[in-house]
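# Structural overview for review
Each chain is listed here by its residues.
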Amino acid sequence: MLTSYLQTAFRNFLKHKGYTLLNITGLSLGLVASLFIWQYVKYERSYDTFHGKAADIYRVQYNQYQNGKLRFECAAAVPAVGPALKNNFPEVRQFTRLYPVSGVMSYESPDHGLVSFMEEKMQITDTSVFDVFDFHLVNGDESRALVGPNKAVISQRAAKKYFGDANPIGKTLRWGNANINFEVTGIFQDVPVNSHIKFDFLFSYETMKSFVEDNAYETAWGWYDFNTYVLLQPGTDVSALQSKWDQWLAETRKEDWKKYNGKQEFILQPLLDIHLGKVLLQESQPDERGDRDSVYALSFIALFILIIAWVNYINLATARSFDRANEVGVRKVMGAARNQLIYQFLAESFIINLIAGMISVAAIWLAWPAFASLSGRAIPIDYLVETDFWLSLLLLFAIGSFLSGFYPAIVLSSFKPVAVLKGKVMRTSQGNILRQSLVVFQFAASVCLIVGSLVVYEQLSFMRNQDLGVDIVKTLVIKSPGLQDSTYARKMEAFKAEALRLPGVKSMTASTNVPGDEIFWAGGIRRLSRGPETNISGYTVGIDQDYISAFGLTVIAGRGFDREHPDERHSMVLNRAMAEALDWKDPNEAIGQKVVQGDTFEIVGVLENYHQMSLKEAITPLVYRFTPQFSQFFAFKLEQDNYREVLAGIEGPWKSLYPGNPIDYFLLDQFFNRQYEGEQQFGRIFGVFTVLAIVIACMGLFGLASFMTLQRTKEIGIRKVLGSTAPNIVLLLSRGFIQLVLIANFIAWPLAWWIMSQWLEGFPYHITINPILFLVAGGGVVLIAFLSVGVQTLKAALVNPAQTLKYE
């Protein structure tokens with residue numbers, strides 16, 4: 001019996017090669033698209049899952065309130081939080097803190113001389129980091145490697161970079177920024193790419209004694225630069241622990257909170273929620289963060305594409321059901337039971353889906369590098385040999401075979417043999433309504449996807465092209481040298497003088513931050529005339545006299561720092577947002593006023609607001625202080641895009657003044673726009689799979705139109721004999737399909753508007769959805785549908801009626 005089913009199925013496939021090819025291609029594309037997207041979703045959801053105790057690890061999120069208003073939400077907490085949780089709550093098994101640092105690391109090699117690199121991925125951490133996380137040493141003792149000051153463990157990558165094939169254990173690395181020598185005591189496996197926190201160097205926590213006073217790195221409640229994690233006992237009721245923790249804070253910290261009229265919250269955030277969660281201040285790897293809404297959106301797109309492919313099969317199978325009515329009638333007369341006919345048609349669906357599944361696996365394997373590049377993620381190809389990939393494919397195959405085959409099997413097997421063989425099979429309105437409904441669903445989904453792609457593109461264009469209020473073009477930025485000693489200011493002025501002599505260099509400015517660089521220098525600020533309870537949080541940028549003019553910032557009151565005022569150490573400039581936060585509605589009112597930020601400062605100027613970070617973030621209150629001696633960046637404004645010539649020109653003075661410090665540079669506009677890479681990747685993926693969805697939908701419509709046109713061949717011939725023109729016939733036969741596509745538009749437009757409006761609400765600065773986008777999407781789909789149908793109807797309309805009617 002099975003052999004008979006297979007023979008009949010393949011005989012039918014060969015008889016109708018075109019429809020078979022359409023079905024296989026549509027199902028293959030649907031499987032490829034959905035499986036690709038689901039592998040991407042799997043990767044995004046895999047972050048930090050390699051830790052064996054991941055389900056019990058929580059990061060401490062720091063929220064600060066001032067006067068009852070939330071001032072900020074920060075990924076980094078204060079150093080006192082970890083010990084407080086461990087010492088007061090038995091539910092907390094262990095804690096660890098990671099304090100991020102950067103700078104020039106160097107090694108004096110006996111064979112190659114000084115080896116030095118600028119390093120960004122370095123952390124000062126507790127010895128317990130190996131108890132909380134699964135960052136394992138491949139060489140060294142985890143229990144002792146970070147005990148005591150000036151100890152370092154390094155990644156395998158860093159070991160190869162500095163020491164080659166030599167054993168690094170016991171050797172000395174020098175951190176130039178702090179002028180500290182570290183003994184290498186261990187080597188750990190490179191941190192996996194799907195970790196939300198990445199590093200190549202871990203330094204012992206006790207090292208902070210050498211540059212932090214008063215044990216603040218253990219006891220401070222106001223210094224929030226420490227990524228703090230706690231490991232809880234298995235089965236802990238986290239909500240109950242959070243409540244007890246909040247109560248403990250309210251009782252022990254209330255006197256300090258009263259002084260500043262503020263409140264601190266320390267929220268336990270699940271480790272596995274970090275990557276796809278809300279991006280907070282001071283995230284470890286903000287540029288690599290995922291987005292939960294984008295992952296959900298892509299998951300739905302994958303489902304839509306797959307359903308569209310299945311709908312194609314159902315539509316074509318049911319449309320052709322009457323073409324196979326005689327076959328069913330003869331089989332029933334010969335004794336075939338209904339269940340046997342159902343098995344026959346399910347077998348055909350099974351074979352079609354099996355072939356599509358095999359093709360999709362081959363296509364995924366071949367296209368994997370291209371997809372990894374499109375997604376911007378290092379998604380391992382090993383995913384294709386993991387059990388869950390094959391289980392997913394098997395599940396989709398089973399569901400697809402059943403769903404796409406069951407309804408056509410029921411319809412075909414229901415024909416009455418007597419009526420069929422007498423030619424009295426009637427086309428039911430229910431069948432037509434189902435097919436029409438499925439076509440409407442396909443194109444409504446397609447219109448939604450097109451509108452979504454257009455809105456994403458418009459929002460990205462808006463953010464990239466919006467006036468930032470700051471000039472970032474033709475700007476070369478070099479990270480300042482690591483060691484900042486007593487000669488730093490003198491050397492910087494000498495270097496600046498040499499740089500300004502180079503052709504094409506308009507100006508150079510030194511600062512602690514540049515636009516696009518997240519500011520970590522934070523502290524409370526208040527008016528001198530008001531009490532400490534009025535303190536608000538502010539982020540500080542250290543700048544020199546040329547910063548404001550170099551970046552084209554607008555002074556709206558007072559002045560900037562200048563050389564006419566030789567001592568600017570107690571002067572301060574605010575942006576408009578900070579002036580307003582300190583209750584000066586008119587910026588001119590702030591000039592000459594005194595504020596307290598540790599020391600007392602006089603406000604000498606107010607700047608117009610500008611976007612320090614991307615348009616994904618609201619403008620924040622900023623403070624500017626004159627601290628060129630602490631600068632982290634040298635920014636060069638260029639007359640032309642000749643940065644390579646400038647780099648070549650400054651190499652000599654740099655090596656002379658800063659020996660052993662590598663030149664680490666970037667172009668500011670590229671550096672700033674890297675903040676939109678996540679949205680750009682999402683937009684590219686969204687766009688590519690939207691096109692795939694439309695292609696699959698149009699393939700189904702093409703096949704449906706081909707079959708319907710074939711059924712009406714004699715009608716077309718008669719109409720031509722009676723005087724109808726080819727354009728009239730094309731319009732007549734296309735009208736029904738175009739009406740369905742128009743109905744799909746009217747359904748899709750409000751749905752797409754609501755979905756994309758919700759997405760845009762996640763941006764503080766966003767576009768208003770232009771109605772023209774709906775017309776473009778709708779018009780495009782109508783045009784594509786008309787072309788898909790029109791090609792077939794035009795071919796039929798151009799056939800000589802004598803050919804179609806010669807047997808009548």
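Look above for the structure.
Keep in mind that what you see is a predicted model, and the values were worked out from it rather than measured.

This next bit is on the overall build of the protein. The helix and strand tally for the protein stands at 25 helices and 22 strands. Counting every position in the protein, which comprises 808 residues, the buried fraction comes to 53%. For the protein, the computed accessible surface area is about 35,800 Å², with 57% contributed by carbon and sulfur atoms.

Of all five residues in strand E20 (residues 622-626), five are buried, a share of seventy percent or more. In this sheet, E20 lies alongside strand E15 (residues 536-543) in parallel orientation, the contact comprising five bridges. Within the sheet, the bridge partner assigned to Val541 lies in E20 and is Tyr624. Bridge count for strand E17 (residues 571-575) against E20 is three bridges, and the pairing is antiparallel. Of the residues in E20, the one forming a bridge with Met572 is Arg625.

Turning our attention to the pattern of salt bridges. Enumeration according to the criterion identifies 33 salt bridges in this entry. Between Lys244 and Glu91 there is a salt bridge whose closest N-O contact spans 2.4 Å. Residue Lys244 is found in helix H7 (residues 238-252), and its partner Glu91 is found in the loop between helix H3 (81-88) and strand E3 (92-109); the two are separated by 153 residues along the sequence. Residue class for Lys244 comes out partly exposed when judged on its relative accessible area of 38%. Here Glu91 falls in the buried class, since its relative accessible area comes to 17%. Here Asp546 makes a salt bridge to Lys496, at a shortest N to O gap of 2.3 Å. In this pair, Asp546 sits in the loop between E15 and helix H16 (547-550) while Lys496 sits in helix H15 (residues 488-500), placing the two residues 50 residues apart along the sequence. Each member of the pair, Asp546 together with Lys496, is buried. Salt bridges sharing partners connect three or more residues here, namely Lys496, Asp544, Asp546 and Arg563.

In this section: the environment of Tyr676. Structurally, the position occupied by Tyr676 is in the loop between helix H20 (668-673) and helix H21 (677-711). Residue classification places Tyr676 among the buried residues on the basis of a relative accessible area of 0%. Those residues in contact with Tyr676 that lie beyond four places of it in its chain are Leu460, Met463, Arg464, Ser614, Leu615 and Lys616.

Formed by 136 residues in total, the largest nonpolar core has its most connected members in Phe266, Phe443 and Phe689. With 14 residues, helix H14 (residues 429-465) is the largest single contributor of residues to this core. With near-sequence residues (within four places) excluded, Phe266 lies in contact with Val60, Gln61, Tyr62, Ala77, Val78, Val81, Trp221, Gln242, Trp245 and Leu249. Membership of the second largest hydrophobic core comes to 28 residues, among which are Tyr107, Val115, Phe182 and Ile187.

Looking now at the packing of H15 against helix H19 (residues 643-657). Interhelical geometry of H15 versus H19 gives an angle of 165° and a closest axis separation of 9 Å. Between H15 and H19, the interaxial angle falls into the category roughly antiparallel. The crossing of H15 and H19 is right-handed. Counting all contacts with H15, which are made through Lys491, Ala494, Phe495, Glu498 and Ala499, the residues of H19 involved are Ile650, Pro653, Trp654 and Leu657. By residue class, the composition of the contact of H15 with H19 is seven nonpolar, no polar and two charged.

Now for the pairing of strand E8 (residues 180-188). Residues in a regular strand project their side chains so that they alternate between the two faces of the sheet. Burial within E8 is extensive, with seven of its nine residues counted as buried. Of the pairings in the sheet, the one linking strand E5 (residues 137-139) to E8 comprises two bridges and is antiparallel in character. Bridge pairing links Leu137 to Phe188 in E8. The pairing of strand E6 (residues 151-155) with E8 spans five bridges and is classified as parallel. Paired with Ala152 across the strands is Val184, a residue of E8.

Attention shifts here to the packing of aromatic side chains. The full count for this structure, using the stated rule, is 50 aromatic pairs. When the ring of Phe666 is compared with that of Phe671, the centres are 4.3 Å apart and the planes differ by 25°; the resulting orientation is stacked. Residue classification places Phe671 among the buried positions, given a relative accessible area of 17%. Taken together through their ring pairs, the aromatic side chains of Tyr62, Phe72, Phe89, Trp221, Tyr224, Trp245, Trp248 and Phe266 make up a single cluster. Positioned above the aromatic ring of Tyr383, the side-chain terminus of Lys42 is 4.0 Å from the ring centre. The aromatic ring of Tyr65 is capped on one face by Lys263, whose charged end is 5.8 Å from the ring centroid.

For Asp48, which is not glycine, the phi dihedral falls at a positive 70°. Its location among the elements puts Asp48 in the loop between helix H2 (17-45) and strand E1 (57-66). The backbone phi angle of Gln282 is positive, close to 60°, even though this residue is not glycine. Looking at where Gln282 falls in the secondary structure, it is placed in the loop between strand E11 (262-270) and helix H9 (292-319). On the basis of relative accessibility, which here comes to 5%, the residue Gln282 falls in the buried class.

Here we take up H19. End to end, H19 covers 20 Å across 15 residues, agreeing with the expected 21 Å (1.5 Å per residue, within 8%). A bend of about 35° at Glu651 is the largest found in H19, and the proline Pro653 appears one to four places after it. Where H19 is concerned, the buried positions are Tyr643, Val646, Leu647, Ile650, Pro653, Trp654 and Leu657. Elements in contact with the buried residues of H19: strand E12 (475-479), H15, strand E13 (505-511), strand E21 (633-638) and strand E22 (665-667).

We now examine H3. Turning to H3, its buried residues number three or more, namely Val81, Gly82, Pro83, Ala84 and Leu85. Contact partners of the buried residues in H3: E1, E3, helix H6 (216-219), strand E10 (227-232), H7 and E11.

On to a nonpolar patch on the surface. There is a patch of nonpolar side chains on the surface, built from Leu395, Ile399, Phe402, Leu403 and Phe406 and spanning about 450 Å² of accessible area. You can call Ile399 partly exposed: its relative accessible area is 33%.

Assignment of secondary structure puts Arg526 in strand E14 (residues 522-527). There is a polar contact of 2.5 Å between the side chain of Arg526 and the backbone oxygen of Arg530. Leaving out residues up to four positions away in the same chain, Arg526 has contacts with Gly531, Pro532, Thr534, Asn535, Leu582, Val595 and Val596.

A few words now on the layout of surface pockets. When its volume is computed, the second largest pocket comes out at roughly 620 Å³. The greatest single-element share of the lining of the second largest pocket, amounting to nine residues, is contributed by helix H23 (residues 726-760). Class assignment for the residues of the lining of the second largest pocket results in 20 nonpolar, three polar and one charged.

Right, let's talk about the environment of Arg563 for a bit. With respect to the helices and strands, Arg563 occurs in the loop between strand E16 (555-558) and E17. Sequence-wise, Arg563 and Asp546 are 17 residues apart; in three dimensions their C-alpha atoms are separated by 9.5 Å. Those residues in contact with Arg563, other than ones at most four positions away along the chain, are Lys496, Gln545 and Asp546. In terms of polar contacts, Arg563 uses its side chain to reach the side chain of Asp546, at 3.0 Å.

All right, on to the environment of Thr534 then. Considering the arrangement of structural elements, one finds Thr534 in the loop between E14 and E15. Exposure remark for Thr534: the relative accessible area of 25% places this residue in the partly exposed category. C-alpha of Thr534 to C-alpha of Lys259: the two residues are 275 residues apart in sequence and 8.7 Å apart in space. A distance of 2.7 Å separates a polar side-chain atom of Thr534 from the backbone oxygen of Gly531.

Calculation notes
Residues numbered from 1 in each chain as written. Predicted model: local features only at pLDDT ≥ 70, side-chain atom pairs only at ≥ 80, totals over all residues. Heavy atoms only, no water. Helix = DSSP H or I, 4+ residues; strand = E, 2+ residues; numbered from the N terminus. Buried < 20%, exposed > 50% of the residue type's maximum accessible area, 1.4 Å probe, protein only. Areas by Shrake-Rupley, 256 points an atom, 1.4 Å probe, with all protein chains shown as cover. Pairing = 2+ DSSP bridges. Salt bridge = Lys/Arg side-chain N within 4 Å of Asp/Glu carboxyl O. Contact = heavy atoms within 4.5 Å. Core = buried A, V, L, I, M, F, W, Y, C linked by side-chain atoms within 4.5 Å. Axes fitted to C-alpha atoms, helices over the stretch in contact; angles between N-to-C directions. Parallel < 35°, antiparallel > 145°, perpendicular 65-115°, else oblique. Left-handed = near helix turned anticlockwise from the far one by under 90°. Nonpolar A, V, L, I, M, F, W, Y, C, P; charged D, E, K, R; others polar. Phe/Tyr/Trp six-rings, centres within 6.5 Å; stacked < 30°, edge-to-face > 60°. Lys NZ or Arg CZ within 6 Å of the ring centre and 35° of its normal. Expected span 1.5 Å × (residues − 1). Bend = angle between axes of the 7 residues up to and from the residue. Patch = residues over 30% accessible without salt bridge, like charges linked within 9 Å, V, L, I, M, F, W, Y side chains within 5 Å. Polar contact = N/O pair within 3.5 Å; in protein donor to acceptor, adjacent residues only side chain to side chain. 1 Å grid on protein atoms, 1.4 Å probe; cavity = no way out; pocket = protein on both sides within 12 Å on 5 of 7 lines; lining within 4 Å. Points joined across faces, edges and corners; volume = space filled by probe spheres on them.

In short, the description is geometric, and any link to function would need to be established separately.
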